[in-house]
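Each chain, letter by letter, is given below.
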Amino acid sequence: MADIRSLQDAVADLVHDGDTVAMEGFTHLIPYAAAHEVIRQGITDLTLVRMTPDVIYDQLIGAGLVRKLVFSWGGNPGVGSLHRFRDAVENGWPRPLELDEHSHAGMANRYVAGASKLPFAVLRGYRGSDIPTRTDTVSTVVCPFTGEELAAVAALNPDVTVIHAQQADRAGNVQMWGLTGVQKEAALAADRVLVTVEEIVEELTPRPGGIVLPTWVIDAVSVVPGGAHPSYATGYSTRDNDFYQAWDPIARDREAFLTWIEENVRDSEGALTR
Amino acid sequence: MADIRSLQDAVADLVHDGDTVAMEGFTHLIPYAAAHEVIRQGITDLTLVRMTPDVIYDQLIGAGLVRKLVFSWGGNPGVGSLHRFRDAVENGWPRPLELDEHSHAGMANRYVAGASKLPFAVLRGYRGSDIPTRTDTVSTVVCPFTGEELAAVAALNPDVTVIHAQQADRAGNVQMWGLTGVQKEAALAADRVLVTVEEIVEELTPRPGGIVLPTWVIDAVSVVPGGAHPSYATGYSTRDNDFYQAWDPIARDREAFLTWIEENVRDSEGALTR
Amino acid sequence: MEVNAARALADATTCFVGIGLPSTAANLARATVNPGLVLIYESGTIGSKPTRLPLSIGDGELAETADAVVPVPEMFNYWLQGGRIDVGFLGAAQVDRYANINTTVVDRGPDKPEGRLPGAGGAPEIASNCGKVLMVLRHSTRNFVQRLDFVTTLGHGGGPDDRKKLGMPGAGPTAVITDLGILRPDPATAELVLTEVHPDVTVERVRAATGWELTVADTVGTTEPPTPQELAALRALKAAGKPGKSGKPGKETR
Amino acid sequence: MEVNAARALADATTCFVGIGLPSTAANLARATVNPGLVLIYESGTIGSKPTRLPLSIGDGELAETADAVVPVPEMFNYWLQGGRIDVGFLGAAQVDRYANINTTVVDRGPDKPEGRLPGAGGAPEIASNCGKVLMVLRHSTRNFVQRLDFVTTLGHGGGPDDRKKLGMPGAGPTAVITDLGILRPDPATAELVLTEVHPDVTVERVRAATGWELTVADTVGTTEPPTPQELAALRALKAAGKPGKSGKPGKETR
């Protein structure tokens, strides 16, 4: 059953040095506030998992907390490169970054296998690609009925999955709607689940396209209005495209990045999420 | 793109002698009216696929139209046996019935593989069971990462899938809600798709729990109010439990069954679906 | 049986429910020992809170009162195989001394065709993946047999290590609740042992209704008779629905 | 490029759309040659009908105007791998003469670390499973290279049979639309051949911008200049959104 508690306490209890952490959200509902709390608490040596490491992971990588990244597309959507990600990969700054790199289809199926508690998933993918030469989490299986060789991808089972949703009720049941991406799979694949929400409501009203995660698959719910900013929460906010644009020059420069983190995250609890 | 047309024409065009046909619906939204049209047209030598061959398949089997049944649980839910199914299996009346028998988890995953256009699906299932000794659509695969041996089930790709839904718009987009079972998978796994609906609406309003099948994955939509009776359509009707009870003595007796089919299906277009 | 099955759910968070007796027991548990019990029906409903006993697993009220309704493949893959369900209920046409289950075919003698049963339904994976399994069925030599005609669903195989060898995550059947008493697997042998009888039932009567030489615990307990509260809750549930119609326990959702 | 890419969608029912130029082209096609075109974004929206050009594939309007929104795993398994998409769009950092694609890393010389690109995204399976693939990118020797530093996504491999040998269902890249002209694979060799140039572009200029010895069709056509209707529709789309911001074509949704 989920406890409803402060973000600070929830992160401290659920996210540990060395953990494999998935913070998911396909452009929508990205849990920025929780990532900033991880930065404030200096939780480090993380293996981060995410289909689209976005600005949220650029920040964690630049802050020096990340040992390894498991992903399929690393960019600032609609803007360009993730400069902190590139600096870590290309120059080892502030520390080297190990990569486990996949396609979107592969990553999505790795989460599906994780949620299904299977050791692997099967897809018709990676054919003719060099990707399998750089990872040990892609292999092949042969169909016992047709003899066709297919790609096998290893299950992803994060230690912790962190997501943002619109609403929880007092019992800790959570509902999200709009683009719900791969969050259900990421949550059900994980050992521990932290959900930040826009608000607590007396009763969850079923929504078109709504996904409900029952309280008994969640460890903690923290109320963080605007906790997805500069991403957004359908029904509560819109995407702050200006922020994504503004991030580019900040992230290009190491000093500018460090100053930004210091002023906007470390010194300023929740400053970004207002 | 789906054509909106009469049930008679749609069945005649889409369902052929010898086809593999899935009529799905987990208690809810079972496409009885379409099955009755198949009986009226005498379309035969069918391989029928369904997780829970219910009274709908008891009727088709008793009518002598079925060569083979692919299933995981054959009963009259809440009542007892399917007597026409048993008579066919045990006594070959009115013709022998070949069986391909699975567990629910296996059948659900066979549809998933079919919808994903994969030749097989993987599950942790059938362990210690004699089921694999009687079918050639269960095998094993070994996880290339952990060495664990898992069950593999062959994909199901019906020639035709028939389902019932609440609403379509004039373009042939379909929405169903309530218990939606395995219908999306069964439809996307099939070569051809026929959907009977309660009504045509000007615009599909997104519903909580609603599943939309776009018109371009459907071949025909037929308007058949009450087309799921004695099953039901959430928002339109309730399950006719009395019918399911009443079916038991009818189906126990070959003559009573034949008379019932004659009077209620063959002689009486749509009589049951009013 | 209903009351004892309901009591066995006192500690569960989540229960995978079949229609008939399991549904009655699970709803009775919600009304008595475990108001927070999460009912999960294989038709796709999670957290159903029906006010009357449903006749079928696809009853509209199950979906309307649920916390979430999910597609059937998701139910079997993410929730059941995903290890999210504490307790599963199973019935059986035949059970053997290791709580293995047959719901597929019965041998009716050399000159007769096999008798056809409903088949597996969800049972093989319920037995494999739920934290534990409760079995509920009537006690007779027809049901409690020396040798199954077909193994639909593995209980404990042939001994205490067989589930582990097969990599089955759950504990398997931990109790077989009948109209005569309760049998539980011996931890050392995995063989079912009579541990409790219902009031006024003799051990001899249970032996006579069992198709193998029944092992009996050194001290056989007697189950507590239903309390007035339990009986009232059961009556209320049945009055709200049409229990006579749902009839045959455990036959519907193997 | 937008107008030619939009025209290439005239016959499609469904199109898998990335942000940037593909999205502009697909929305322009809906406004001109193919009003019924079904736009599918990998974020999970099916049948989006945005009124302005979205900045990201997760724009709220894409979901709000969609016929259906599905989870991301379903999008890749049932819809893309399921063979439901007629046309996919791909950009590239590097493309070779067989329309193979690199979006992973570039070699920057012996003493320098590899240059990091965004990675694969959906591209390997888009190229494999869509009915056909349109590529859109700027024409320069930096992009059109003799040899890829890394094969992220297979186009035609090394010849006309390679896709079949690998069991790839779709036809692969059928056109590479650039700011200079259009290249199409030769059916006999699968090698890209310059078949059209845009008005006022010479063949020599295209050769000079290509990193391999470019094969040129016997008769090179000239693309039709944008019609007033096309230009008006494009202007209207851009005026409604903020096209300047979406900037880099095809870089966002590999």
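Structure first, text after, so check above.
Residues numbered from 1 in each chain as written. Chains lettered and ligands numbered in written order. Predicted model: local features only at pLDDT ≥ 70, side-chain atom pairs only at ≥ 80, totals over all residues. Heavy atoms only, no water.

## Brief notes about the sheet that holds strand β14 (residues 215-222) of chain D
Residue and element names in this part refer to chain D. Taken in spatial order, the ten strands make up an open sheet running β4-β3-β2-β1-β5-β10-β11-β12-β13-β14, and their pairing is mixed. The sheet is open, and its two edges are formed by β4 (68-69) and β14, each paired on a single side. Bridge count between strand β13 (residues 192-197) and β14: four bridges; the pairing is parallel. In the strand pairing of β14, valine 193 is matched with threonine 215. Helix-sheet contacts for helix α2 (residues 21-31) involve β1 (14-17), β2 (38-41), β3 (45-48), β5 (87-90) and β10 (132-136), and the interaxial angle to β2 is about 160 degrees. (Pairing = 2+ DSSP bridges. Helix = DSSP H or I, 4+ residues; strand = E, 2+ residues; numbered from the N terminus. Contact = heavy atoms within 4.5 Å. Axes fitted to C-alpha atoms, helices over the stretch in contact; angles between N-to-C directions.)

## Side note on the side chain of arginine 97 of chain D
Residues and elements named next belong to chain D. Among the secondary structure elements, arginine 97 is positioned in the loop between β6 (94-95) and β7 (101-102). Side chain to side chain, arginine 97 and glutamate 191 meet in a polar contact 3.4 Å long. The contacts of arginine 97, once residues within four sequence positions are left out, are Val145, Gln146, Ala190, Glu191, Leu192, Trp212 and Glu213. (Polar contact = N/O pair within 3.5 Å; in protein donor to acceptor, adjacent residues only side chain to side chain.)

## Considering the pairing of strand β7 (residues 138-142) of chain B
For a regular strand, side-chain orientation follows a simple rule: the groups alternate between the two sheet faces. All names here are of chain B. Of the strand pairs in this sheet, β7 and strand β8 (residues 149-154) are connected by five bridges, and their pairing is antiparallel. Opposite valine 142, over in β8, you have glutamate 149 as the bridge partner. The antiparallel hairpin formed by β7 and β8 contains six residues in its connecting segment, where glycine 147 sits at a positive phi of about 80 degrees.

## Structural notes on the interface of chain A and chain D
Chain A puts 45 residues into the contact, and the matching count from chain D is 48 residues. Together, Trp73, Arg127 and Leu179 of chain A form the three largest contributors to the area buried by chain A at its contact with chain D, with a combined 17%. Counting across the interface, chain A meets chain D through three salt bridges. Put simply, the parts of the chain that give the side of chain A that touches chain D at least two residues each are α4 (83-91), β5 (98-101), α5 (104-115) and α7 (241-252) of chain A. (Buried area = accessible area lost by both parts, 1.4 Å probe. Salt bridge = Lys/Arg side-chain N within 4 Å of Asp/Glu carboxyl O.)

## Some remarks on the packing of aromatic side chains
Enumeration according to the criterion identifies 18 aromatic pairs over all chains in this entry. Here phenylalanine 144 of chain D and tryptophan 212 of chain D contribute two aromatic rings whose centre-to-centre distance is 6.0 Å and whose plane-to-plane angle is 40 degrees, an arrangement assigned as tilted. Placement of phenylalanine 144 of chain D in the loop between β10 and α6 (162-165) and of tryptophan 212 of chain D in the loop between α7 (203-208) and β14 is noted, with a sequence separation of 68 residues between them. Classification of phenylalanine 144 of chain D by relative accessible area gives buried; the value is 0%. Taken together through their ring pairs, the aromatic side chains of Phe243, Tyr244, Trp247, Phe257 and Trp260 of chain A make up a single cluster. Of note, arginine 239 of chain A hangs over the ring of tyrosine 244 of chain A, and the distance from its end group to the ring centre comes to 3.8 Å. (Phe/Tyr/Trp six-rings, centres within 6.5 Å; stacked < 30°, edge-to-face > 60°. Buried < 20%, exposed > 50% of the residue type's maximum accessible area, 1.4 Å probe, protein only. Lys NZ or Arg CZ within 6 Å of the ring centre and 35° of its normal.)

## A closer look at the side chain of threonine 153 of chain C
All names here are of chain C. Relative to the helices and strands, threonine 153 resides in the loop between β10 (132-136) and α6 (162-165). Classification of threonine 153 by relative accessible area gives buried; the value is 1%. What threonine 153 contacts, discounting residues up to four positions off in sequence, is Leu90, Asn100, Ile101, Ala123, Pro124 and Ala127.

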